[in-house]
Structure formats: C-alpha cells, structure tokens
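# Descriptive analysis of the structure
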Amino acid sequence: MCFSQTPEKKRWQQRWFCRYCRQRRRRAAPEGQRLTEGRICAVQGLCWASLGKMLTNISNVLRACAQRNGAAAVVSARTYADFTNEATFEIKKCDTFKLDEGPATQVVMTRDEGLQYYRTMQTMRRMELKADQLYKQKIIRGFCHLYDGQEACAVGIEAAINLSDHLITAYRAHGYTYTRGGTVKKIMAELTGRRGGIAKGKGGSMHMYCKHFYGGNGIVGAQVPLGAGVALACKYQGNSELCVCLYGDGAANQGQIFETYNMAALWKLPVIFICENNGYGMGTSVERAAASTDYFKRGEFIPGVRVDGMDVLCVREASRFAADYCRSGKGPILMELQTYRYHGHSMSDPGVSYRTREEIQEVRSKSDPISMLKDRMLSNNMASVEELKEIDVEVRKEIEDAAQFATTDPEPPLEDLCNHIFHNNPPLEVRGTNPWSKLKSVS
Amino acid sequence: NEQKGQKTPATVTVRDALNQAMDEELERDERVFLLGEEVAQYDGAYKVSRGLWKKYGDKRIIDTPISEMGFAGIAVGAAMAGLRPICEFMTFNFSMQAIDQVINSAAKTCYMSAGLQAVPIVFRGPNGASAGVAAQHSQCFAAWYAHCPGLKVVSPWNSEDAKGLLKSSIRDDNPVVFLENELLYGVPFEMSEEAQSKDFTIPIGKAKVERAGSHITLVSHSRYVGHCLDAAAVLAKEGIECEVINLRTIRPMDVESIEASVMKTNHLVTVEGGWPQFGVGAEICARIMEGSAFNYLDSPVTRVTGVDIPMPYAKILEDHSLPQIKDIIFSVKKTLNV
C-alpha cells in the first residue's frame, strides 16, 4: 500500500490501486478539505473515472438491448443532466517576472466551456491535417505553416478576450483566423487559392484577414510593431479594447520587437505581447538562437509570465490575467506560451532533421492539448466518450465539406487580377506584361 | 498661417504651407495624428510641425524614440485599426530602416486582403540632396518607392503643391509617400486666394504645366522644377520656348500630360536630382517610347540626372554632382541640335 511514505503520514494520504483501471489513486481528503484529482468512491474500491465508465457501459448495454428489442420506450440510464456542470482544476503555476502575483492556479471550467474548447481545438486539428493532405496532393501550393499541436494557445487566448478586441500574428495563422471568426470553408478555399477564399484567393496561407484580425503576416517580426500600433489606436479612441500581438521564439530576436517593447512601455499601450515558444525557429532550436531563452523576461521593463501552452486552461487563465492587467491601464505585458508543433516549420520541412521522432511522439502522448482536455472532462464526469466521439464526427464532416468546397470552387476570375490595389479609389489602368496589355483596376 | 482667411494672394514658404496643411487636416479629422522624431516639443527637426504640439497636445503629436522600423510599423498598425497617421521620417534616408513596413505592411496589404484591410497612412519627410550632408543623407528615394504597386508617391515643388498635395495625401485612404525637399522649406512662393482656403486640395496623379512653350518639353519634379523654369527664362532670351511640366505625382505618373506636350513640341528632356539608372527619367523614356507620343519625337529623349556616385561632401564636388541650370540649358540645346 504505502511505498515511500513514512508511517506518520495520515491515513487519507495513502495511495492504493483502483480495481477497475488499476491506476494509483489517493483516498478522499478529510472533511472540510478540497479534493484534488482522482477523488475516490468508497464503493468497491473504484475511482470516480472508473465508476463513470462502468455506469456508461451499463447504460450502453441497456440502450442496445432496447434497440434490439424494438422497444418503444427509450431506456437510457444516462442523460446529459447526469454530467457535472462545472469542475475545479489545479493548473501549473506560471513563472512570473516583475509581477507580485501571477495567474490563478485553481480554475473553474464548465461543461459547456469544455465542450466548446474541445470542438474548436478538434476543428483546428482536423483542418490542419486536411491542409497537410491537400498540400501533398499539390492542391495547396507555396507556403503552408501548420499549427497542429499548438491549438491550446489560440483557443485559450480567445476564451479570455472578446471579439471586439484585436489580434495579430505571424504566418502560422490558420488557427487564429478560425478563432477570430473565419469559417473553415473560407480558410481552406483561401489555401487552395479559390474565389471563395477569405481573401478571394489573393492572399494565400499567410495573408488571411477578418474583423479585428490583422493577419497573417509573412515578414518575421513585422507584425509586432503593427500590433502595438493597433493598441495605440485602441488607447487613442478610448474604447477599452486591447491588442494581442503574437510572435514566435525565432522572431523574438528581431530588433524591431525591442523597439516596440520600448515604445509600448513608454506610452503604456494596451498590448499583450505573446511569444509562442515551440522550441524551434524553423530548424534552429532555441538554445542555438538565443543568448537567453527566458522569452518572458526579454521585455526587460515589461512584466512577464511563462505559461504551459499545451494546457488550454493555463493559457486561458494567463490570458485573463494579462487582459485585466492591460485594461487597467498599466501598459503592456508579455506572455511566453511553451508549446509544440507536430509538423515541421512548413510543409517543405519534414521536421525531423533537427529533432527526433521520439521527441515528437513523446509530446503527442504526454502533452497533447486535445487529449489533456478530453481526459479532464471524462475523469470529472463532464462528458461521455460517445458525446466527444459525436463531436469528432461532426467536425470531420465539416472539414470534409470545406475541403470539398475548397477543391471545387473556381479560381478567381482573371478580371480580378489588378483589383484591390487601392481602397476607395477611382478605377485606374494597370500595365500588363507588355505595352499593349492595358488592364483595369477597381477598388 | 497668419494669412488664412484673407482674400489676397500671399507669399508663403513651403514650410508654412506644409504646416498649414497639417494643421487644417488635424482640425478637420479627429483620427489624423502626427508621429516622428522631434515633431512635438522640438517643433520639428526642420520646424515643419512648429506650433502643432502646443495646439493639439501629446495625444495627436507624438515624439518617438529613434526607432524607425518600430514607429513606422506602429503607424501602419494604427492606420489598419482606423486612425489616419502622418508618419514623419526625419529624412527619407532613415526610411530605409523601415522600408519593410512601408512596402510589405502598408503598400501590399489592401491587395493581399482583397480590399478588406485599408491602410490610410502618409509617410512624409525631406528627400534627396540637401547642402553638405554627404553621401548617407542625400539619397533620392523617388524611384525606389515609385517602383512599388500599392503606393502613391508624391513630390511637390512650390507652396501650393505642398499644401494641396499634403491635404490630398492625408485624405487619401491609401499609403502615400510624400517626398519633400529640405532646400525648398525656406523658399517663399505666391499662393493664390484659392490655395489659402481650408478645402484647397490638389488631385494626386495630375501634373501641371508651369510654363507653356512650343519648342521643347522639360519634365521635372520637386526642386528641379525651379531649375527648369530658370533655364527656360535664359533660353527664352535666345528664342527657345520651353514648356515646363511639374510632375507633382511620381506614382501614378501623369503620362498623358507629358504625351500631350510632346505631341506639341516634339522634343523632351527630363530633369531630376536622383541617380540615372532605373530612375524617374528612365521610366518617362520607356513610357513615351511605348505610347503614341513616340511618333512625334524629332530626337531621342534626354535625361538630366544626378551624377551616378554617392554624394561627396566638398562644396565644389557636391555642386557638380547635381544638375545645374547650365546642364539643363546644354541638354536642351543638344536635344534641339542648336
């Protein structure tokens, strides 16, 4: 029973094995104290997760029996009212820099929130994998930087801000285009360069835009001053909005970012700088690129937080903390999200010449954001396996439909070639490839 | 600015005309603001923004640290989010530090977003040669910026140009590169009553015939328009009547005005301060050749340009690095074969 524990330890700290799942569990805490993960049911030596699974199995069997017998009465041992509506989770404590206190470590997630995060992350995951497929079929061309593995970042951030806030990121932008309001259909059609794309096929993977989302930027680091400029506009207009400004561990060494830190702090701009540290700037690991890999401290005079970017609740809590800080007029704040990308830098990078397959596999099995959320919800009786499977099926269908649209929608018409050079401008003539080719451009 | 509201023509320096334009546009539209090095409390490195900080305060006239790439990017971001920034580069030489933001973030965005994202920004500042500031501070960027689709590039000469074009640039919903000239700041020009009104604008993309003539067309922009007019005055005494065209806008270039003039005079000389290779004059030559005016030329087009060297410091060398009036006169006579 007790292995490495001294006899003085209280009875309720003893560990034991659940008879069903054979996982080690703690006994229930004494009265008045909060339970941590793995609450146990005293009945039959089962842990709660296993008890839940047993009940689900029983209900499935009953339902199956009812169907086979053609019974009109629906026998269902479980309804959605049986699920826990909300649960408290203990999340990793964030390292802080120049802050007296950090984000909360005990957070509440409701069932609805959990399902929404799950659906969104799964949609992003499947969308990126479909893009991988289409790229290998040469239906998507050029650059394609995939976001799978990092879903918790985009979803966690969006859960903490409003759609009326602003966001700008670099080229690994498909996920953010989705969380900011773009549809999967329009995103995929933009990747395949069709007229139904979010930028009418004119932008491609790296240049997608929607309301209060400023792309999608191809030049490494250039989006950081832009983000501070958006924040300046928010402050100027006095609208209590803020700008979330993302960049990677590679970009973190760009000079213009330090220029931006200086001006943002000087003018107290409402900007949240977020470094998505996935360990590699293209093929260069962080140790080979940065004299200091404490990216959350690189703001020097800007307070920083280092966050587990694979845990959507951790990201959400830290983003809430950062948003409160910004909106209170204290100026910019810096967040480093420690995350991981499963794919290489882009589709032309297999991603295994500078890191091992074992490393990728280890992250997938131990820290996958979607699996983590799923385990949390199941072990806290917030959803059933079937329910989540249903969501998977719906997501798969949505992606299939979107891919279908993206491969069958026609390319932009040639008449569109020279349009949109200017905004709100009278039509003008554009020189084609030869002097006799005079093309028309409208706004 | 003391002349505002009066009905008689007044003499206004280019500096004051630019100041008036910014003052009027700042007053007219809440979203307009100015940022750059020394624009606020110093009254502007060249005093172009004198008095504006006192009138409008910290919110609208912003002093920046020496961070061109950073503050140019911030200005572009602010434009994307709905404001109308005027981003001053102390000289356009320093815009090279920020050129990625001007081209990739500002110029190309409307196209890449298929019209979803506009960038109503003006980048302004002195361009080209000054006096004795040597190689790193004397480059003309007209050709570099005019090369890029998505930008409008404007180059005023006199006070009326400066005021009308700056107002149009600020009101334009697209990125405009506004190339001033430091040597012209202190030069007074007459401004008509019309030009003194608060709503006076000059359309971007239209050239102006400053002097009518019949023997040869001189096309120029910025400071060298003045040189062309001086050369024309000298040549008139010898019976050669030059038509002088002030381009006003480099991109989009008003080729129609040049063609109409060439069809009348049959001879063309371009005059600019920038380097010859791949320059404004080179573009004019190519466009004339491709268009209908080619058939009206009695001789090839002549380009008068800066010498193809980095700008030297010594006065005698500097004077000989840029087109002088005698160079224009010489080129006109050679083109006319007189």
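Keep in mind that what you see is a predicted model, and the values were worked out from it rather than measured. (Residues numbered from 1 in each chain as written. Chains lettered and ligands numbered in written order. Predicted model: local features only at pLDDT ≥ 70, side-chain atom pairs only at ≥ 80, totals over all residues. Heavy atoms only, no water.)

Moving on to the overall build of chain B. Secondary structure assignment for chain B yields 12 helices and 14 strands. Taken over C-alpha atoms, the radius of gyration comes to 20 Å for chain B, in line with the 20 Å a tight globule of 338 residues would show. Projected onto its principal axes, the C-alpha coordinates of chain B cover approximately 60 × 45 × 40 Å. Counting all 338 residues of chain B, 60% fall into the buried class. (Helix = DSSP H or I, 4+ residues; strand = E, 2+ residues; numbered from the N terminus. Rg over C-alpha atoms; globule rule 2.2 N^0.38 Å. Buried < 20%, exposed > 50% of the residue type's maximum accessible area, 1.4 Å probe, protein only.)

Glancing now at the overall build of chain A. The secondary structure content of chain A amounts to 12 helices and 16 strands. Each of the 443 residues in chain A was classed as buried or not, and the buried ones make up 53%. Of the contacts formed within chain A by residues at least 6 apart in sequence, a portion of 67% connects residues at least 24 apart. Here chain A displays about 21,100 Å² of accessible surface, and carbon together with sulfur accounts for 51% of that area. (Contact = heavy atoms within 4.5 Å. Areas by Shrake-Rupley, 256 points an atom, 1.4 Å probe, with all protein chains shown as cover.)

Here the focus is the sheet that holds strand S10 (residues 216–220) of chain B. Residue and element names in this part refer to chain B. On the basis of which strands lie adjacent, the open sheet formed by 5 strands has the order S9-S11-S10-S13-S14 and mixed pairing. Edge positions in the sheet fall to strand S9 (208–211) and strand S14 (302–304), since each has one partner strand and no second. Across the sheet, the mean angle separating the axes of adjacent strands is 25° when strand polarity is ignored. Where S10 meets strand S13 (residues 268–271), 4 bridges bridge the pair, whose relative direction is parallel. Bridge pairing in S13 places Thr217 opposite Leu268. Of the strands in this sheet, S9, S10, strand S11 (242–246) and S13 touch helix H8 (residues 223–237), which is tilted by about 170° from S11. (Pairing = 2+ DSSP bridges. Axes fitted to C-alpha atoms, helices over the stretch in contact; angles between N-to-C directions.)

Contacts between the two partners involve 35 residues from chain A, matched on the other side by 44 residues from chain B. Taken together, both faces of the contact between chain A and chain B bury some 3,500 Å²; the carbon and sulfur share is 66%. On the chain A side of the interface with chain B, the three residues burying the most area are Tyr209, Tyr236 and His423 of chain A, jointly 22% of the side's total. At the surface where chain A touches chain B, the tally comes to 1 salt bridge. (Buried area = accessible area lost by both parts, 1.4 Å probe. Salt bridge = Lys/Arg side-chain N within 4 Å of Asp/Glu carboxyl O.)

Before going further, it helps to examine the packing of aromatic side chains. Taken as a whole and judged by the stated rule, the model has 14 aromatic pairs over all chains. An angle of 65° between the planes, with centres 5.4 Å apart, marks the rings of Tyr147 of chain A and Tyr176 of chain A as edge-to-face. You can see Tyr147 of chain A sitting in the loop between helix H2 (111–136) and helix H3 (151–160) and its partner Tyr176 of chain A sitting in helix H4 (residues 174–179), a full 29 residues away along the chain. Relative accessible area serves as the criterion here: at 0%, Tyr176 of chain A is assigned to the buried category. When the ring of Tyr46 of chain B is compared with that of Tyr185 of chain B, the centres are 5.9 Å apart and the planes differ by 45°; the resulting orientation is tilted. Within this pair, whereas Tyr46 of chain B is found in the loop between strand S2 (32–36) and helix H2 (52–56), its partner Tyr185 of chain B is found in the loop between strand S7 (176–180) and strand S8 (188–191), the two being separated by 139 residues in sequence. In this structure Tyr185 of chain B comes out as buried when scored by relative accessible area, which is 1%. Feature note: the residues Phe71, Phe89, Phe92, Phe123, Phe141, Trp144 and Tyr145 of chain B constitute an aromatic cluster, connected by ring pairs. For the cation-ring pair, Lys185 of chain A lies above Phe405 of chain A, with the distance from its terminal atom to the ring centre recorded as 4.7 Å. (Phe/Tyr/Trp six-rings, centres within 6.5 Å; stacked < 30°, edge-to-face > 60°. Lys NZ or Arg CZ within 6 Å of the ring centre and 35° of its normal.)

Summarizing the sequence annotation, UniProt attributes the feature "domain: Transketolase-like pyrimidine-binding" (unreviewed entry) to residues 12–187 of chain B in the numbering used throughout. Each end of residues 12–187 of chain B is marked by a C-alpha atom, and these two atoms are 8 Å apart; helix forms 36% of the span and strand 16%. (UniProt positions renumbered as here; feature names shortened; annotations may be inferred.)

Residues and elements named next belong to chain B. The strand order across the open sheet built from 7 strands is S3-S2-S4-S5-S7-S6-S12, with neighbouring strands paired in mixed fashion. Each end of this open sheet is capped by a strand with a single partner; those strands are strand S3 (61–63) and strand S12 (249–251). Ignoring strand direction, the axes of neighbouring strands in this sheet form an average angle of 20°. Bridging between strand S4 (residues 84–88) and strand S5 (residues 122–126) involves 3 bridges; their strand directions are parallel. The residue bridging Cys87 from the neighbouring strand is Phe123, located in S5.

The next subject is the pairing of strand S5 (residues 86–90) of chain A. Residues and elements named next belong to chain A. By the alternation rule, side chains of S5 split into Ala87 and Phe89, which are all buried, and Glu86, Thr88 and Glu90, of which none is buried. In terms of strand pairing, S5 meets strand S7 (residues 106–110) through 5 bridges, oriented antiparallel. From the neighbouring strand, Glu90 faces S7, where its bridge partner is Gln106.

Before going further, it helps to examine the pairing of S11 of chain B. All names here are of chain B. Of all 5 residues in S11, 5 are buried; the element is thus mostly enclosed. Where burial is concerned, the two faces of S11 agree: the one with Cys242, Val244 and Asn246 and the one with Glu243 and Ile245 are both buried. Judged from the 3 bridges that link them, S9 and S11 form a sheet pairing that is antiparallel. In the sheet register, Val209 faces S11, and the bridge partner there is Ile245. Direction of pairing for S10 relative to S11: parallel, over a ladder of 5 bridges. Across the sheet, Val219 pairs through a bridge with Ile245, a residue of S11. Following the backbone out of S10, through H8 and into the adjacent parallel S11, one traces a crossover that is right-handed. (Right-handed = clockwise from strand over helix to strand, strands pointing away.)

The subject of this paragraph is the UniProt feature "domain: Dehydrogenase E1 component" (unreviewed entry) in chain A. On the UniProt side, "domain: Dehydrogenase E1 component" (unreviewed entry) is annotated at positions that read residues 119–414 of chain A here. Helix makes up 46% of residues 119–414 of chain A and strand 10%. Its end C-alpha atoms lie 38 Å apart.

Before going further, it helps to spend a moment on the confidence of the model for chain B. Of the residues in chain B, 98% reach a pLDDT of 70 or more, and the chain-wide mean stands at 97. Across the predicted assembly, pTM comes out at 0.88 and ipTM at 0.94. (pLDDT = per-residue confidence, 0-100.)

Attention shifts here to the side chain of Asp161 of chain B. Residues and elements named next belong to chain B. Mapped onto the elements of the fold, Asp161 is located in helix H7 (residues 159–171). Among the polar contacts made by the side chain of Asp161, one reaches the side chain of Asn246 at a distance of 2.6 Å. If we ignore the near neighbours within four places in the chain, the residues touching Asp161 are Pro156, Leu166, Ile202, Asn246 and Arg248. (Polar contact = N/O pair within 3.5 Å; in protein donor to acceptor, adjacent residues only side chain to side chain.)

All names here are of chain A. Helix H7 (residues 255–266) packs onto helix H6 (residues 223–237) with a crossing angle of 20° between their chain directions and a minimal axis gap of 8 Å. Here H7 runs roughly parallel to H6, going by the angle between their axes. For H6 against H7, the interelement crossing comes out left-handed. Taken together, the residues of H7 that come into contact with H6 (itself represented by Val224, Pro225 and Ala228) are Gln256, Ile257 and Thr260. Here the residues of the contact of H6 with H7 are counted per class, giving 4 nonpolar, 2 polar and no charged. (Parallel < 35°, antiparallel > 145°, perpendicular 65-115°, else oblique. Left-handed = near helix turned anticlockwise from the far one by under 90°. Nonpolar A, V, L, I, M, F, W, Y, C, P; charged D, E, K, R; others polar.)

Before going further, it helps to spend a moment on the nonpolar core. Counting residues in hydrophobic clusters, the biggest one holds 80 residues, and the most contacted among them are Tyr247 and Phe273 of chain A together with Phe123 of chain B. If you look at the next biggest cluster of nonpolar residues, it comprises 71 residues, including Tyr117, Leu242, Ala318 and Leu337 of chain A. (Core = buried A, V, L, I, M, F, W, Y, C linked by side-chain atoms within 4.5 Å.)

The next point concerns the side chain of Gln139 of chain B. Turning to its location among the elements, Gln139 of chain B is positioned in the loop between S5 and helix H6 (142–146). Apart from residues no more than four positions distant in its own chain, Gln139 of chain B is found in contact with Asn93, Met96, Asn127, Gly128, Trp144 and Trp275 of chain B.

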